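# Analysis of the macromolecular model
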Amino acid sequence: MANGNALLDARDVTIRFGGLTAVSHFNLTIQPHELVGLIGPNGAGKTTVFNMLTGVYKPTEGEIHVGGVSTHEFKPYQITALGVARTFQNIRLFKELSVLDNVKIGGHIHYKYSGTSAVLHTNRFHKAEEVAEKDAFDLLKIFGLESRADYYAKNLPYGDQRRLEIARALAARPKLLLLDEPAAGLNDRETLDLMETIHEIRDKFDIAILLIEHNMELVMGICERIIVLSFGKTIAQGTPEEVRANPVVIEAYLGEPAEAAGV
Ligand SMILES: Nc1ncnc2c1ncn2[C@@H]1O[C@H](COP(=O)(O)OP(=O)(O)OP(=O)(O)O)[C@@H](O)[C@H]1O
Ligand SMILES: [Mg+2]
């Protein structure tokens, strides 16, 4: 049985690639408006969890429910329609399209017009286009990107591309936003700003966020609850204070550079 009110309920989820168990007996329940961190050393299985939650991979065992609906037979776009959007560890933008168009594409599932009206450019199509454009501009403003709306995405500085990816994911109007190392490659200042923005968008859009981040200190600064993966297993979970004090967590991070682990 799924947990009725939960936005996300992953029960005993395992995935194997050949002989490798990438994620083992993973459990996670997320309620609306929660900001949850998912941390762990390289190769721990964090991105694989995202890939299962978004339907890129099917779990070998276990069940995932979004809003009480089993996603087992769902394709990624159907899971997006249930309210789950994500960003990628390696930025995936339409590099040859404008910044504005990248965000509009993120929202396309919400602007209904038939193929015929699109081809004929009917009033209905123009109206939907206008709304899509305004919504996309509003999102760009939140990320300080509105003055660059016409740039090719590929010409944005790296940090702006990361923020554009989040804007694009938000255009799908998710209830749950999955962010896979959104601060990767950013400098300290940009990272702190981004963490603040993540906190703000959670409140502004009243969404839940699951955040993968390598730097423990950062994730602890904004998340209410943290799950720690190591070699596919959940080795700890709890409040930032509980996780920080957990010797098993400290040990799992010992192989990491001290400043990345933040311990
Ligand atoms: N499609 C796949 N086929 C085979 N093995 C895979 C596949 N996807 C992931 N893996 C393996 O699963 C394990 C977990 O990888 P994953 O990318 O989820 O780790 P991660 O925690 O996101 O690491 P990082 O911090 O480096 O991003 C790794 O050993 C990886 O090689
Ligand atoms: Mg990863």
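See above for the structure.
All values derive from a computational prediction rather than experimental measurement. (Residues numbered from 1 in each chain as written. Chains lettered and ligands numbered in written order. Predicted model: local features only at pLDDT ≥ 70, side-chain atom pairs only at ≥ 80, totals over all residues.)

## Remarks on the sheet that holds strand β8 (residues 208-212)
Taken in spatial order, the six strands make up an open sheet running β6-β7-β8-β3-β9-β10, and their pairing is mixed. Of all strands in the sheet, those with a lone pairing partner are β6 (84-86) and β10 (233-238), marking the two edges. Going from strand to strand, the sheet's axes swing by 20° on average, the running direction of each strand aside. As paired strands, strand β9 (residues 225-230) and β10 are joined by five bridges and run antiparallel to one another. Across the sheet, valine 228 pairs through a bridge with alanine 236, a residue of β10. Across the face of the sheet, helix α1 (residues 46-53) comes into contact with β3 (35-39), β6, β7 (176-180), β8 and β9 while running at roughly 150° to β7. (Pairing = 2+ DSSP bridges. Helix = DSSP H or I, 4+ residues; strand = E, 2+ residues; numbered from the N terminus. Axes fitted to C-alpha atoms, helices over the stretch in contact; angles between N-to-C directions. Contact = placed C-beta atoms within 7 Å.)

## So, unusual backbone geometry
In this model, glutamate 181 sits at a positive phi of 50°, which is unusual for a non-glycine residue. With respect to the secondary-structure elements, glutamate 181 resides in the loop between β7 and α7 (188-205). Even without being glycine, phenylalanine 231 reaches a positive phi, approximately 50°.

## Notes on helix α6 (residues 158-171)
With 14 residues, α6 ought to run about 20 Å at 1.5 Å a step, and its terminal C-alpha atoms sit 20 Å apart, in line with that. The buried fraction of α6 amounts to eleven of the 14 residues, a majority that puts the element mostly inside the structure. Of all the residues in α6, the buried ones are Gln161, Arg162, Arg163, Leu164, Glu165, Ile166, Ala167, Arg168, Ala169, Leu170 and Ala171. (Expected span 1.5 Å × (residues − 1). Buried ≥ 20, exposed ≤ 12 C-beta atoms within 10 Å, placed from the backbone.)

## Notes on the site of ligand 1
Taken together, Phe17, Leu20, Ala22, Gly40, Asn42, Gly43, Ala44, Gly45, Lys46, Thr47, Thr48 and Gln89 make up the full set of residues adjacent to ligand 1. Those elements giving two or more residues to the shell around ligand 1 turn out to be β2 (20-30) and α1. Here the shell around ligand 1 gets three residues from one element, more than from any other, and that element is α1. Of the residues belonging to the shell around ligand 1, the class tally is four nonpolar, seven polar and one charged. (Near = placed C-beta within 6 Å. Nonpolar A, V, L, I, M, F, W, Y, C, P; charged D, E, K, R; others polar.)

## A look at the sheet that holds β2
Read across the sheet, four strands follow the order β2-β1-β4-β5 without closing on themselves; strand pairing throughout is antiparallel. Strands with a single pairing partner mark the edges of an open sheet, and in this sheet they are β2 and β5 (69-70). With five bridges connecting them, strand β1 (residues 8-17) and strand β4 (residues 61-66) associate as antiparallel partners. Pairing of leucine 8 across the sheet is with valine 66, part of β4. Against the sheet, α1 contacts β1, β2 and β4, and its axis sits at roughly 115° relative to β1.

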